[in-house]
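Structure at a glance
Take a look at the letters that make up each chain.
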Amino acid sequence: MSAPAHLDPRLLRAFVTVAEELHFTRAAARLFVAQQALSRDVRRLERELRRELFVRTTRQVTLTPDGERLLPYARRVLQAQADLLAAAGQARPLLVDLNSPGLATGRAVLERARELAPDQELMARYESGLTGAAADLLAGRLDASFGRFAGLPAALRAGLGHQPVRLEAMAVLLPEDHPLAPLAEVPLAALAGETVYAGAGNPRTPEWTDLARGLFEGRGIEVAPPHPLAVGDAEFRRLMEKTRHPVLAVVGFPAMPASVVRPLVDPVPLSPVSLVWRKGLVHPAFDALRSAAARLAAENGWLRVPGGGWIPASDAAVMSVL
């Protein structure tokens, strides 16, 4: 059996799991992946090896003679990989940046992943901003983060993988005595003439500021100039009270004392959220994290564009919602 110079361990793991289950649906559940993705990986391995590894019928799955010969070798390779990762400290917790305690999407994905992989340790950190996290991802100091993938420079995106997770409806955080605060929803046109804080000058979140500029363009809304970076709720609240600027946020962002959160409408602006990781990441909890993101997106319709939704064309292409 001829073999290519390089084999992706993920393909071998897919093969071994199907060989053990002799059932694609059960194997996919074990790996926390969609059955279609699992079938695709097995087919890819068969193409690379130029051998059929399974006999598939509508009633059963069995190993071919080539599959039988490959199985013990594949198990040895995967065991060697596991031993190597353990020796290199890969048994450490999966470190996931949730950006901010006030952002619900990443927290929900992490909680579901912990349910799917209870034997693994997944740790959260809160550092704020995908651009700020990207350098740590590429350097191996961080495993995964969430945010607007299309807002990263191309040079950073080249070393990262991403999975669309959610299109979050955006909102505005207002002082409770602001003239727009009594509204249940704030039309974008009502913000004309306002100066809205969107993180300008924060080196960790330029992708958010860029999204705001695209949304405000032509609508008479200004992005607030840079402020000193506020760390912690108390400092953020103090600066908000001082400047009196509305703050661009997402629906579900927790209101602070003396403030209210109001959804934006006409149009409904959407903040694209992807799960982002370093290409080549191998960690026993990573499949659970990806599966959790996919399941929550499907269950909650997180990637549906609502009527009147707004999203930049570059983000729509990246999020596959054109």
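In the block above lies the structure referred to throughout.
One structure accompanies this document, and this report is about it. (Residues numbered from 1 in each chain as written. Predicted model: local features only at pLDDT ≥ 70, side-chain atom pairs only at ≥ 80, totals over all residues. Heavy atoms only, no water.)

As for the overall build of the chain
Inclusion rule: Runs of E in the DSSP output that reach at least two residues are strands. Runs of H or I that reach at least four are helices, and both are numbered from the N terminus. Three exposure classes are used, based on accessible area relative to the maximum for each residue type with a 1.4 Å probe and protein chains only: buried under 20%, partly exposed in between, and exposed over 50%. Should any heavy atoms of two residues lie within 4.5 Å, those residues are considered in contact. Areas reported here follow the Shrake-Rupley algorithm with a probe of radius 1.4 Å; residue values treat only the protein chains shown as occluding. We treat Lys and Arg as the positive residues and Asp and Glu as the negative residues; His and chain ends play no part in the count. Throughout, a charge is located at the NZ atom of Lys, the CZ atom of Arg, the CG atom of Asp or the CD atom of Glu.
Broken down by element type, the chain carries 11 helices and 13 strands. Counting only residues that meet the buried cut, the chain has 46% of its 322 residues in that class. Considering only contacts in the chain between residues 6 or more positions apart, those separated by 24 or more positions represent 74%. Accessible area of the chain: about 15,800 Å², with a carbon and sulfur share of 54%. Across the chain, the centroid of the 37 positively charged side chains sits 6 Å from that of the 34 negatively charged ones.

Some thoughts on unusual backbone geometry
Omega for the bond connecting Asp 266 with Pro 267 falls within 30 degrees of zero, at 0 degrees, which places this linkage in the cis form. Tracing the sequence through the fold places Pro 267 in the loop between β11 (259–265) and β12 (268–278). The backbone of Arg 50 sits at a positive phi, close to 60 degrees, despite the residue not being glycine. Mapping Arg 50 onto the fold places it in the loop between α3 (35–49) and β1 (54–56). The residue Asp 266 is not glycine, and still its phi comes out positive at about 55 degrees. Assignment of secondary structure puts Asp 266 in the loop between β11 and β12. When its relative accessible area of 59% is taken as the criterion, Asp 266 is described as exposed.

Re the environment of Val 196
Note on placement: Val 196 falls in strand β8 (residues 195–196). Sequence separation between Val 196 and Ala 298 is 102 residues, and the spatial gap between their C-alpha atoms is 33 Å. Not counting the four nearest positions on each side in its chain, Val 196 is found in contact with Phe 216, Ile 221, Glu 222, Val 223, Ala 224, Pro 246, Val 247 and Leu 248.

Notes on the nonpolar core
Stated formally: What is meant by a nonpolar core is a set of buried Ala, Val, Leu, Ile, Met, Phe, Trp, Tyr and Cys residues, joined one to another through side-chain atoms within 4.5 Å.
Counting 33 residues, the largest nonpolar core has Val 186, Leu 191, Trp 208, Leu 215, Phe 216, Leu 248 and Leu 264 as the members making the most contacts within it. Elements that contribute at least two residues to this core include exactly β6 (160–175), α8 (206–216), β10 (247–250) and β11. Each residue touching Leu 248, except ones within four places of it in the same chain, is listed here: Met 170, Ala 171, Val 196, Tyr 197, Ala 198, Trp 208, Ala 212, Leu 215, Phe 216 and Leu 264. Listed in part, the 25 residues of the second largest apolar core include Leu 122, Phe 146, Ala 285 and Phe 286.

Details of the packing of aromatic side chains
Heads up, the rule is: Centres within 6.5 Å make a pair out of two Phe, Tyr or Trp rings, where for Trp the six-membered ring is used; the pair is then stacked when the planes are under 30 degrees apart, edge-to-face when over 60, and tilted otherwise. The rule is short: NZ of Lys or CZ of Arg within 6 Å of the ring centre and within 35 degrees of the ring normal puts a charge over the ring.
If you walk through the whole model with that rule in mind, you get three aromatic pairs. Considering the side-chain rings of Phe 15 and Phe 54, the 5.5 Å spacing of their centres and the 55 degrees angle between planes classify their relative orientation as tilted. Of this pair, Phe 15 sits in helix α1 (residues 9–21) while Phe 54 is found in strand β1, placing the two residues 39 residues apart along the sequence. Measuring from ring centre to ring centre gives 6.2 Å for Phe 24 and Phe 54, while their planes differ by 70 degrees; the resulting arrangement is edge-to-face. Here the residue Phe 24 occupies a position in helix α2 (residues 24–31), and Phe 54 occupies one in strand β1, the gap between them amounting to 30 residues. No difference in accessibility class separates Phe 24 from Phe 54, as the two residues are buried. Taken together, the ring pairs in this structure connect Phe 15, Phe 24 and Phe 54 into an aromatic cluster. The ring centre of Tyr 73 lies 5.0 Å from the NZ or CZ of Arg 76, which sits over that ring.

Here's the deal with the side chain of Thr 209
Here is the rule we go by: Pairs of N or O atoms are called polar contacts if they sit within 3.5 Å, as long as, within protein, a hydrogen donor faces a hydrogen acceptor (for residues adjacent in sequence, only side-chain-to-side-chain pairs).
Looking at the secondary structure, you find Thr 209 in helix α8. Looking at Thr 209, its side chain comes within polar contact range of the main-chain nitrogen of Ala 200, at 3.4 Å. The residues contacting Thr 209, other than those within four sequence positions of it, are Ala 198, Gly 199, Ala 200 and Val 223.

Considering the packing of α1 against α3
Stated precisely, the cut-off is as follows: Between N-to-C directions, angles span 0 to 180 degrees; the directions come from axes that are lines fitted to C-alpha atoms, helices contributing only their stretch in contact. Roughly parallel means an angle under 35 degrees; roughly antiparallel means over 145; roughly perpendicular covers 65 to 115; every other angle is labelled oblique. Each residue gets one of three labels, nonpolar for Ala, Val, Leu, Ile, Met, Phe, Trp, Tyr, Cys and Pro, charged for Asp, Glu, Lys and Arg, and polar for the others, Gly among them.
Where α1 meets α3, the closest approach of the two axes is 9 Å, and the angle between their N-to-C directions is 110 degrees. With respect to their mutual orientation, α1 and α3 come out roughly perpendicular. Counting all contacts with α1, which are made through Arg 10, Leu 11, Leu 12, Ala 14, Phe 15 and Val 18, the residues of α3 involved are Leu 38, Asp 41, Val 42, Arg 44, Leu 45 and Glu 48. Partitioning the contact of α1 with α3 into residue classes produces eight nonpolar, no polar and four charged.

A short note on the pairing of strand β3 (residues 94–97)
Condition: Strands pair, by our definition, only if DSSP identifies at least two bridges between them. A crossover counts as right-handed when, viewed with the strands pointing away from the observer, the path leading from the first strand over the helix to the second turns clockwise.
Sheet topology note: the β3/strand β4 (residues 122–125) ladder contains four bridges and is parallel. Bridge pairing in β4 links Leu 94 to Leu 122. What joins β3 to β4 is helix α5 (residues 104–116), and the crossover it makes is right-handed.

Notes on the pattern of salt bridges
Our working definition: Basic side-chain nitrogens of Lys or Arg form a salt bridge, by our definition, when they fall within 4 Å of a carboxyl oxygen of Asp or Glu.
Considering all chains together, one arrives at 19 salt bridges under this definition. Residue Asp 136 pairs with Arg 125 through a salt bridge whose shortest N-O separation is 3.2 Å. Of this pair, Asp 136 sits in helix α6 (residues 130–139) while Arg 125 sits in strand β4, placing them 11 residues apart in sequence. An identical accessibility class is assigned to Asp 136 and Arg 125; each is buried. With a closest N to O distance of 3.8 Å, Glu 168 and Arg 166 form a salt bridge.

Nothing here speaks to function; it is all geometry.
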